[in-house]
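# Geometric and topological summary
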Amino acid sequence: MLGDAIAAEAFRVRRAGGVLFWGFLAVPLSILLFNLLLDTWIRLHLHMPVALDIGHQMVSGVGLTQSAFFQVFYAAAAATLFAADYRWETWRLITPRNSRVNLILARFIVYGAATAVSLVLLAVVALVQSLYAAAIGSVVLTPPQGPFVLPLLGTAVTGWCELMVLGGIVAVIAIAFRAATGALMTAMVFSFGQWIAMALIHPWEATPGWYAALPRLSAYVLRAFVTGQDLAPGIGANAAQAGLAAVCLLGWMVLVGACALGLFQAQELARE
């Protein structure tokens with residue numbers, strides 16, 4: 001029955017061109033367009049090609065999902081997935097055909113799969129942009145300086161977990177208040193609020209309470225650990241910090257998912 005729910009939800013997303021494009025394709029495509037135009041401008045106005053590590057470029061491309069601005073697009077897609085049936089009052093047509101747990105899990109699975117595809121596209125975009133820049137002579141490509149496959153995978157998994165937490169927040173608000181707009185606004189406040197909080201603390205000195213309160217902090221420390229990036233000059237993330245960050249990030253995923261399932265299970269759907 002869960003498979004039927006997933007297939008039905010995937011079909012709906014494929015048919016909803018606006019959700020598919022603006023939620024999961026707009027970020028990679030806009031980054032690609034911007035970078036191609038920027039490389040062209042550099043080639044026309046500057047004639048000093050710089051060295052570009054293609055492995056580092058792909059890792060950086062996948063890491064763009066940490067931007068609070070780009071996260072708005074994914075939050076908008078999640079808001080539509082979880083709130084559309086309230087708006088169109090179609091839950092009463094769907095719930096008799098499958099269990100409520102399956103219906104919500106299917107939405108999480110489809111959202112997670114679409115987000116994963118978007119992350120893969122970001123890596124492809126970085127590769128295409130690098131090859132284009134090398135072809136027109138604005139950069140000189142260099143092979144990866146050191147291992148990049150594990151940092152790339154680690155960055156992608158971390159970004160995916162962070163976006164799943166964001167989607168879970170959206171799901172909870174959409175189900176509790178039966179409105180996509182409120183869920184999207186809450187996600188925006190949540191994302192930008194964490195960005196502000198991150199500017200007020202030192203990640204290398206953060207206590208476990210900060211890790212538990214800020215999934216963005218956990219994701220930031222995990223990215224720093226898998227890529228070898230310093231949290232501050234000369235201060236890197238250690239294994240203990242990375243382990244704590246991973247536990248907190250996974251805990252957020254489980255918590256918001258369980259809250260969404262519990263709310264939907266207990267909800268009256270007499271009108272919807």
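Read on for an overview of the structure.

### Re helix H7 (residues 149–177)
End to end, H7 covers 42 Å across 29 residues, agreeing with the expected 42 Å (1.5 Å per residue, within 8%). Positive phi shows up at Arg178, right after H7, with a value of about 55 degrees.

### Comments concerning unusual backbone geometry
Here the phi dihedral of Glu89 falls at roughly 55 degrees; this positive angle occurs in a residue that is not glycine. Structurally, the position occupied by Glu89 is in the loop between helix H4 (68–87) and helix H5 (91–94). The phi dihedral of Arg178 falls on the positive side, at around 55 degrees, and the residue is not glycine. Counting through the fold element by element, Arg178 comes out in the loop between H7 and helix H8 (180–200). The class of Arg178 is partly exposed, set by a relative accessible area of 31%.

### Focus on the pattern of salt bridges
Where charged atoms of side chains with opposite charge meet at close range, the side chains can pair. What the rule picks out here adds up to 5 salt bridges. With a shortest N-O distance of 3.2 Å, Glu9 and Arg107 are connected by a salt bridge. Highlighted residues: Glu9 in helix H1 (residues 2–15) and Arg107 in helix H6 (residues 100–136), separated in sequence by 98 residues. Note on accessibility: Glu9 and Arg107 belong to one class, buried. Among the ionic contacts, a cluster of salt bridges with common partners joins Glu9, Arg12, Asp85 and Arg107.

### Observations concerning H1
Taking 1.5 Å per residue, 14 residues should reach 20 Å; H1 reaches 20 Å between its end C-alpha atoms and fits that length. Here H1 has its buried residues at Ala5, Glu9 and Val13. The arc that holds every buried residue of H1, seen down its axis, measures 70 degrees, which confines them to one face. Those residues of H1 that are exposed and angled more than 90 degrees off the buried face are Asp4, Arg14 and Arg15.

### Describing the packing of aromatic side chains
One pair of aromatic rings is described through two measures. These are the centre distance and the angle between the planes. Overall, the coordinates contain 9 aromatic pairs when judged by the stated rule. Residues Tyr86 and Trp91 carry aromatic rings whose centres are separated by 6.0 Å and whose planes lie at 70 degrees to one another, so their mutual orientation is edge-to-face. Tyr86 gets classed as buried once you look at its relative accessible area, which sits at 5%. Look at Trp91 and you get buried, because its relative accessible area is 1%. Ring geometry for Trp91 against Phe264: centres 4.6 Å apart, planes inclined by 50 degrees, an arrangement best described as tilted. In this pair, Trp91 sits in helix H5 while Phe264 sits in helix H11 (residues 239–266), placing the two residues 173 residues apart along the sequence. Grouping residues by exposure puts Trp91 and Phe264 together as buried. Each member of the aromatic cluster is reached from another via a ring pair, and the members are Phe24, Tyr74 and Tyr111. The positively charged end of Arg100 is found above the aromatic ring belonging to Phe264, 5.3 Å away from the centroid.

### A word on the nonpolar core
Within the largest apolar cluster, 69 residues are counted, with the highest numbers of intra-cluster contacts made by Phe82, Tyr111 and Leu217. If you tally residues by element for this core, the top one is H7, at 13 residues. Those residues in contact with Phe82, other than ones at most four positions away along the chain, are Ile104, Arg107, Phe108, Gly167, Ala171 and Ala174.

### Quick word on the environment of Leu105
Following the sequence through the fold, Leu105 ends up in helix H6. Separated by 109 residues in sequence, Leu105 and Leu214 have C-alpha atoms that sit 24 Å apart. The contact partners of Leu105, leaving out residues within four places of it in the chain, are Leu2 and Leu261.

Cut-off values and rules
Residues numbered from 1 in each chain as written. Predicted model: local features only at pLDDT ≥ 70, side-chain atom pairs only at ≥ 80, totals over all residues. Heavy atoms only, no water. Helix = DSSP H or I, 4+ residues; strand = E, 2+ residues; numbered from the N terminus. Expected span 1.5 Å × (residues − 1). Buried < 20%, exposed > 50% of the residue type's maximum accessible area, 1.4 Å probe, protein only. Salt bridge = Lys/Arg side-chain N within 4 Å of Asp/Glu carboxyl O. Arc of directions from axis to C-beta. Phe/Tyr/Trp six-rings, centres within 6.5 Å; stacked < 30°, edge-to-face > 60°. Lys NZ or Arg CZ within 6 Å of the ring centre and 35° of its normal. Core = buried A, V, L, I, M, F, W, Y, C linked by side-chain atoms within 4.5 Å. Contact = heavy atoms within 4.5 Å.

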